[in-house]
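One-letter residues, chain by chain:
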Amino acid sequence: MTAPDAPLKVLTPELRTSLVTRTDLFLFNIITANWTTQYATQVPSLAPFRDTLASHGKAVYATLLDDFRNFVPVTDYESYKPWIARFHEIPCKESRVEDLFAPGLPYSLSMSSSTSGKEPKLFPLYQHTSFEYPAPRPIFDLSDTQGPTAFIFYYGYREIKQVERQPGQVVKRIPVCLASAGRLRMKSNWHTESDESRLSTIMPGQVAPWGANMITDNRSFLTIHALFCLTRPDVDQIFVTFATNFVDMVRCMDEKWDVFVACIRDGRIPDLDGLGNFRDHLQAALNANPARADKLREIGPPSSGDGWAARVWPRLRRVAGVCSGSFGTCLPQVKAILGPTIAMRNHGYGSSEAHMSVYFDPNDPETFVLETEEAIEFVDAESLGITSDILQGWDLKVGGRYQLVITTRNGLWRYLLDDIIEIMGFDPRNGAPVFKYVGRKTFLIRLPHVVISDAELVAAIQSISAEEFIQVHDFTTALDKRKIPQTAGFFVELAGQPGTFELAKGKKSNDRSTKYDAGLKSHMTAQRLFEALGEANDEYLHPLQSGETCVPTIRIVKPGTFMEYRRWKGAKLKIGLGQIKVPVVMPGVESQEFILERVMYELL
């Protein structure tokens, strides 16, 4: 795909009309589809809207939209959590959950990633027909496929909710799963009842058998996908959730390279945790391939040199996964693995609640264009986020920062997301807002004299990584309370080619409070990070009343720490690799302890 023209700074009258018409149509269709649901007809927060509809009528297009925008309040998850709780009732009766948020019964209950440290949120996902406008550009663009694609996504589920009409008469089995799994299953019509029949099948145009995507153990999931990817020299594309997942998979290859080569030579699935009944199905799909094993041994492991991926997969054209924001920290490592001929692409921007955008320019992983069939509104990031603050897409200003308010086809509400975006302009093709993701509004580190946002923390760590003070694979932060004044504490996993990390750069210690000099530029790194935080937020550089400054601390964690964090978090949530993120600001004592236990040394 070629790059589009630059975003417009101001909407033309024609593009404004197009944006208004499209937005209004989506909202109108959502309202008319969902206003007779149990939630819409009973929830107290929609009483003013229902009263207004009774007086104005439902048939007048413009009046209906105005009534929604004036009388439907901004809500949060607590507003409809009691309604979601109906799916947890035993028995789960059809009369209680049918037409609950949208017509019929949901296809799945989508779990949030619980990045905030709280219990996962659940959002019903219903099957819908597309609106009158052309369908949005798909997340996974297979229009120019030239060979097999590796889909490295988790299709499993935490549990099944059985909906009963009469005692013992089950009319629907609803999986509780990651949002990505629910959407992929629904798109491909993969119902849970027929999972067993697909486990050993390699779907047309794909690389691994379907059962590989059902493995819940994080490391085993990546190992099996790595094995099947290595068997195929003709891989055309690799799709992952996040760029860090790709790096973790390559690290698995590097750590056990001889094992992978031997398994491919013999056609043998290795002994791994969590395979269970999937093992026989996976084995049925793997054939011995001595010639491929010899070629791989000749090429060598990922740590054998830059551009390794092009030697293993000479036809590979792109890897696609979320690689903006904090996920962009590993991009230098990704590019070293891929070399100059293989592209890294971003899927787009979305959330558990809805997928809302695709990339604007295929060569720019940070910029997105709103492309969705949901109704998206906005509030200024500095506002209170109440109904009177809501703006429409044509009201936005270039350079302005906003939170998104979404009304999806899965329920009649206006849900305020915690995410902040910055408007870059408008798409010259259809007027849709073009934006960059900034960060989470509530992910902050509060110091005595300044509040540091997660976007500022990301910008600072990427700045020092780009300057080669240290090479960062992944990181998180927490308030460092070990001294006065308290400061921002960074926990960093070092990058570099997989397998080449040397502990000799620092001294080993079992005492997490002891500092060690890691050599190289490490004696300058904390000071440079202090300056980089000041470049992101000039208030940070101001001294306290005592005259002291809050120089950040940097602790280096063991290689693989954040992959193990995702594995640990998945085990706690009983889900596999997917939307589990490493938060920029780590919430909760238990999660912080997990990271602290893996600290090797601290940069002076």
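Here, the structure is the one placed above.
Quick caveat, the model's predicted, so the values are computed rather than measured.

**Q** Go over the nonpolar core with me, naming the residues and quoting the values.
**A** Core analysis: the largest hydrophobic core is formed by 119 residues, its most contacted members being Tyr80, Phe101, Leu230, Ile238, Phe246, Trp308 and Trp313. For this core, the element with the highest residue contribution is helix α8 (residues 218-231), accounting for 8 residues. If you look at the next biggest cluster of nonpolar residues, it comprises 32 residues, including Val472, Phe475, Leu529 and Tyr601.

**Q** Summarise the pairing of strand β6 (residues 159-166); cite the residues concerned and give the values.
**A** With 2 bridges connecting them, strand β2 (residues 92-93) and β6 associate as parallel partners. The partner of Cys92 across the bridge, within β6, is Val163. Relative to strand β7 (residues 169-178), β6 runs antiparallel, the two sharing 7 bridges. Its bridge partner being in β7, Val163 is matched across the sheet by Lys172. Taken together, β6 and the strand that follows it, β7, pair antiparallel across an intervening segment of 2 residues, in which Gly168 is found at a positive phi of about 85°.

**Q** With reference to specific residues and values, describe the packing of aromatic side chains.
**A** Each pair of aromatic rings is reported with the distance of its centres and the angle of its planes. In this structure the tally under the stated criterion is 31 aromatic pairs. Ring geometry for Tyr77 and Tyr80: centres 5.6 Å apart, planes at 80°, overall edge-to-face. Here Tyr80 and Tyr77 lie together in helix α5 (residues 77-84), a separation of 3 residues that amounts to about one turn. With relative accessibility at 9%, the residue Tyr77 sits in the buried group. Since its relative accessible area comes to 0%, Tyr80 is described here as buried. With a centroid separation of 6.2 Å and 50° between ring planes, the pair formed by Phe151 and Phe153 is classed as tilted. For the pair Phe151 and Phe153, one class covers both residues: buried. These aromatic residues form a ring-pair network of at least three members: Tyr39, Tyr77, Tyr80, Trp83, Phe101, Phe123, Trp413 and Tyr415. For Arg198, the ring lying beneath its charged end belongs to Trp210, and the centroid distance is 4.5 Å. If you follow Arg598 out to its NZ or CZ, it ends over the ring of Phe594, 3.6 Å from the centre.

Criteria and cut-off values
By convention here, each chain's residues receive numbers from 1 onward along its written sequence. Two thresholds apply to this predicted model, a pLDDT of at least 70 for residue-level local features and 80 or more for giving and counting side-chain atom pairs, whereas whole-chain, interface and lining totals are computed over all residues. Heavy atoms throughout the structure, all of them, feed into the side-chain values; hydrogens and water do not. Among buried residues, those of type Ala, Val, Leu, Ile, Met, Phe, Trp, Tyr and Cys that are joined through side-chain atoms within 4.5 Å constitute a nonpolar core. Each residue is placed in one exposure class: buried if its accessible area under a 1.4 Å probe, protein chains only, is under 20% of its type's maximum, exposed if it is over 50%, and partly exposed if it falls in between. Each helix corresponds to a stretch of at least 4 residues labelled H or I by DSSP, and each strand to a stretch of at least 2 residues labelled E; elements are numbered beginning at the N terminus. The criterion for strand pairing is that DSSP finds at least two bridges linking the strands in question. Any Phe, Tyr or Trp ring, taking Trp's six-membered ring, that has another such ring centre within 6.5 Å forms a pair; planes under 30 degrees apart are called stacked, those over 60 apart edge-to-face, and the others tilted. Both a distance and an angle decide whether a charge sits over a ring: NZ of Lys or CZ of Arg must be within 6 Å of the ring centre and within 35 degrees of the ring normal.

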